[in-house]
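Given next are the chains, with one letter for each unit.
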Amino acid sequence: MRSQHFVLLLMLSCHAASAFAELPLTVEDLVTDKGRFKLDLSFAYANVDQTGVSTGEPISVQTGPTSFVQVPTAVGERSSNRDTLVGTLGLRYGITDKTEVLLRTSYLHDSERVRDAAGRSSNRLNHFADTWAGINHQFREEDDYPAFLGFAEVALSQRLRSSSKSFRSAMLGFTTYKALDPVVFSLTGAYRFSRSYRDGADTARGGNLLVLTPSVGFAVNDRVTLTTGMQWTRQTAERFNGAAMGINRTATDLQLGFGYGFATGNTLNVTLKTNASGGQGAEMRVNWLYTF
């Protein structure tokens, strides 16, 4: 029953900002064991269809329960359909039994079909999107009360439309869960904030992001876990020379997923996210976590 109890944690919105990329198979694995490594590889696919006036606000593609990659967009009246694929490679290392550090980087491929006043066109992007470093710590183990884990991350580099920025975004968050065999209830929350940066002769600042993800997991057996949950986000508008580019936006998404522990130290997770309110289309994410 113990293995069934813990396998539920496979997909419960962990890896805050990729710091907790899908909770591992056992409580002991929530934070990487001291002196050990975890390889975290994920692929996220998103499809978005937009019609109307674009303010140039970036589209966010989710690469982990609380991690997002920004995809630049153009300004003007247009209709577009785009496919975005983001590959993320992360490495986590346990410095104590309750604390780990991590480093991750993402590569972006974006293909967009556009119809606007100038006619029809297509655009493609291929480049490194961002690199983040962070730390995770387990403040409380589960007993009569829920377990509690916290994390902090900083962006070492983020790609802009024509340049890049460093140390201009950071994220703070938490994950808490309570297991009642064979069900686990969890809640992940995170807040990403941005600092102003120079873009040539202009000053810009990215929008801040708040994410809340309650989830429920059910252990089918000792290897397979099914999960369902919702995700609520609130993103403030980007600012350019002090003026808001667009409006503050909220969105609610339905998330469905499953986790499969196919070998010792190997976990495969698949998550489907579809927009219930807002206009961000659908996304699918596949994550492989390997301990060595």
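You'll find the structure just up there.
Right, let's walk through the structure included here. Keep in mind that what you see is a predicted model, and the values were worked out from it rather than measured.

### A few points about the overall build of the protein chain
Across its full length, the protein chain holds one helix and 19 strands. Across the 292 residues that make up the protein chain, the buried fraction comes to 48%. For the protein chain, the accessible surface area stands at approximately 13200 Å², while carbon and sulfur atoms represent 60% of it.

### Some thoughts on the nonpolar core
Ranked by size, the top nonpolar core spans ten residues in total: Ala-44, Ala-46, Val-48, Ile-59, Val-61, Val-69, Val-71, Val-86, Leu-108 and Ala-129. Those elements giving two or more residues to this core turn out to be strand E1 (37–55), strand E2 (59–64) and strand E3 (67–71). Once you skip the residues sitting within four places of it in the chain, Val-61 turns out to touch Ala-44, Ala-46, Ser-67, Phe-68, Val-69, Val-71, Thr-84, Val-86 and Glu-283. With seven residues, the next largest nonpolar core counts Leu-30, Val-31, Ala-147 and Leu-149 among its residues.

### Describing the pairing of strand E12 (residues 202–205)
When a strand is regular, its side chains alternate between the sheet's two faces. Where strand E11 (residues 196–199) and E12 come together, four bridges link them in antiparallel fashion. Across the sheet, the residue bridging to Asp-199 is Asp-202, located in E12. Hairpin connection between E11 and E12: a loop of two residues separates the two successive antiparallel strands, and Gly-200 in this loop has a positive phi of roughly 70°. Pairing geometry for E12 and strand E15 (residues 238–240), over two bridges, is antiparallel. If you follow Ala-204 over to E15, its bridge partner there is Phe-240.

### Some points on the side chain of Asn-287
Relative to the helices and strands, Asn-287 resides in strand E19 (residues 282–291). Residue classification places Asn-287 among the buried positions, given a relative accessible area of 3%. At a separation of 2.5 Å, a polar atom in the side chain of Asn-287 contacts the side chain of Asp-40.

### Describing the pattern of salt bridges
Inspection of every chain in the model, using the stated rule, returns seven salt bridges. Between Glu-153 and Arg-104 there is a salt bridge, with the nearest N and O atoms lying 2.6 Å from each other. One end of the pair, Glu-153, is in strand E7 (residues 147–159); the other, Arg-104, is in strand E5 (residues 99–116), and 49 residues separate them in sequence. Across this residue pair, the class does not change: Glu-153 and Arg-104 are buried. One salt-bridge network, held together by shared partners, links Arg-82, Asp-110 and Glu-112.

### Here's the deal with the packing of aromatic side chains
Counted under the stated rule, the structure contains nine aromatic pairs. Judged by centre distance (5.6 Å) and plane angle (10°), the ring pair of Phe-37 and Phe-292 falls under stacked. Here Phe-37, found in strand E1, pairs with Phe-292, found in the segment after E19; they are 255 residues apart in sequence, far enough to count as distant. On the accessibility criterion, Phe-292 (42% relative accessible area) is partly exposed. Ring centres of Tyr-290 and Phe-292 lie 5.7 Å apart, and the angle between their planes is 15°; on these two criteria the pair is classed as stacked. When its relative accessible area of 31% is taken as the criterion, Tyr-290 is described as partly exposed. Put simply, the rings of Phe-37, Tyr-93, Trp-288, Tyr-290 and Phe-292 touch in pairs and so form one group of aromatic residues.

Thresholds, definitions, all that
- Residues numbered from 1 in each chain as written.
- Predicted model: local features only at pLDDT ≥ 70, side-chain atom pairs only at ≥ 80, totals over all residues.
- Heavy atoms only, no water.
- Helix = DSSP H or I, 4+ residues; strand = E, 2+ residues; numbered from the N terminus.
- Buried < 20%, exposed > 50% of the residue type's maximum accessible area, 1.4 Å probe, protein only.
- Areas by Shrake-Rupley, 256 points an atom, 1.4 Å probe, with all protein chains shown as cover.
- Core = buried A, V, L, I, M, F, W, Y, C linked by side-chain atoms within 4.5 Å.
- Contact = heavy atoms within 4.5 Å.
- Pairing = 2+ DSSP bridges.
- Polar contact = N/O pair within 3.5 Å; in protein donor to acceptor, adjacent residues only side chain to side chain.
- Salt bridge = Lys/Arg side-chain N within 4 Å of Asp/Glu carboxyl O.
- Phe/Tyr/Trp six-rings, centres within 6.5 Å; stacked < 30°, edge-to-face > 60°.

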